[in-house]
Amino acid sequence: MKVKRIVANISTQQIDAAQHFYGEVLGLDILMDHGWITSYGNTETMRVQIAFATEGGSGTAVPDLSIEVDDIEEAYARMKEHGCEIEYGPVDEPWGVRRFYVRDPFGKLVNILMHL
């Protein structure tokens, strides 16, 4: 047996709130919408990965999600432009990423990162 993908599922009664943050700000497309579940994504090929941590690194909290982008400065500017509160960073970390933390509309701590 081979794991083909891993999907993060966020429990909410306000599915439409995802459109602003994940659709408009992060630029993800709606891949599936059944009314009771809406999935966002894109056509990028990703490796299967799941992480377990005691901290988020550099003494930060463990994020609920990590999203890798190709332009961290643009992602940061979009978050600020849309009034998202940045909780950490942006900062260059010693393990070779530049990142910042932000809360999504559901209170999840999201690590936005780019490999340097």
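Residues numbered from 1 in each chain as written. Predicted model: local features only at pLDDT ≥ 70, side-chain atom pairs only at ≥ 80, totals over all residues. Heavy atoms only, no water.

The name given to the chain in an unreviewed UniProt entry is VOC family protein, with the source organism recorded as Sphingobacterium arenae.

What follows concerns the pairing of strand 4 (residues 86–92). One ladder, built from 4 bridges, connects strand 4 with strand 5 (residues 97–103); its direction is antiparallel. Within strand 5, the position partnered with Tyr 88 by the bridge is Tyr 101. In sequence, strand 4 turns back onto strand 5 through a hairpin of 4 residues, with Gly 96 there showing a positive phi of about 95°. (Pairing = 2+ DSSP bridges. Helix = DSSP H or I, 4+ residues; strand = E, 2+ residues; numbered from the N terminus.)

In this structure, Phe 21, Tyr 22, Met 79, Phe 100, Val 102, Val 110 and Ile 112 are the most contacted members of the largest nonpolar core, which totals 19 residues. The element that contributes the greatest number of residues to this core is helix 1 (residues 17–25), accounting for 4 residues. Dropping the residues within four chain positions of it, Val 110 is found in contact with Phe 21, Tyr 22, Leu 65, Ile 67, Phe 100, Tyr 101, Val 102 and Asp 104. (Core = buried A, V, L, I, M, F, W, Y, C linked by side-chain atoms within 4.5 Å. Buried < 20%, exposed > 50% of the residue type's maximum accessible area, 1.4 Å probe, protein only. Contact = heavy atoms within 4.5 Å.)

Within strand 6 (residues 109–115), 6 of the 7 residues are buried, which leaves it mostly tucked inside the rest of the structure. Of the strand pairs in this sheet, strand 3 (residues 65–68) and strand 6 are connected by 4 bridges, and their pairing is parallel. Across the sheet, the residue bridging to Ser 66 is Asn 111, located in strand 6. The hairpin turn running from strand 5 into strand 6, its antiparallel successor, is 5 residues long, and Gly 107 in that turn takes a positive phi close to 85°.

On to unusual backbone geometry, then. Note the cis peptide between Gly 89 and Pro 90, where omega equals 5°. Residue position: Pro 90 is located in strand 4. Located in the positive-phi region is Ser 58, a residue other than glycine, with phi close to 55°. Along the chain, the position of Ser 58 falls in the loop between strand 2 (38–41) and strand 3. For Ser 58, a relative accessible area of 44% gives the class partly exposed.

A few words on a nonpolar patch on the surface. A contiguous nonpolar surface patch, about 730 Å² in accessible area, is contributed by Met 1, Val 3, Ile 6, Val 48, Ile 50 and Phe 52. For Met 1, the location among the structural elements is in the segment before helix 1. (Patch = residues over 30% accessible without salt bridge, like charges linked within 9 Å, V, L, I, M, F, W, Y side chains within 5 Å. Areas by Shrake-Rupley, 256 points an atom, 1.4 Å probe, with all protein chains shown as cover. Salt bridge = Lys/Arg side-chain N within 4 Å of Asp/Glu carboxyl O.)

Now for the UniProt feature "domain: VOC" (unreviewed entry) in the chain. Within this numbering scheme, the UniProt entry marks residues 2–115 as carrying the feature "domain: VOC" (unreviewed entry). Between the first and last C-alpha atoms of residues 2–115 the distance is 27 Å; the span itself is 17% helix and 30% strand. (UniProt positions renumbered as here; feature names shortened; annotations may be inferred.)

Moving on to helix 1. Where helix 1 is concerned, the buried positions are Ala 18, Phe 21, Tyr 22, Gly 23 and Val 25. Residues of helix 1 that are buried make contact with strand 2, strand 3, helix 2 (72–81), strand 5 and strand 6. Positive backbone phi, at 75°, marks Gly 27, one or two positions downstream of helix 1.

Below, the discussion takes up the sheet that holds strand 6. Strand order in this open sheet of 4 strands is 3-6-5-4, and the pairing throughout is mixed. On the outer flanks of this sheet lie strand 3 and strand 4, each paired with one strand and no other. On average, adjacent strands in this sheet sit at an angle of 15° to one another, irrespective of strand direction. With respect to the sheet, helix 2 is in contact with strand 4, strand 5 and strand 6, its orientation differing from that of strand 5 by roughly 20°. (Axes fitted to C-alpha atoms, helices over the stretch in contact; angles between N-to-C directions.)

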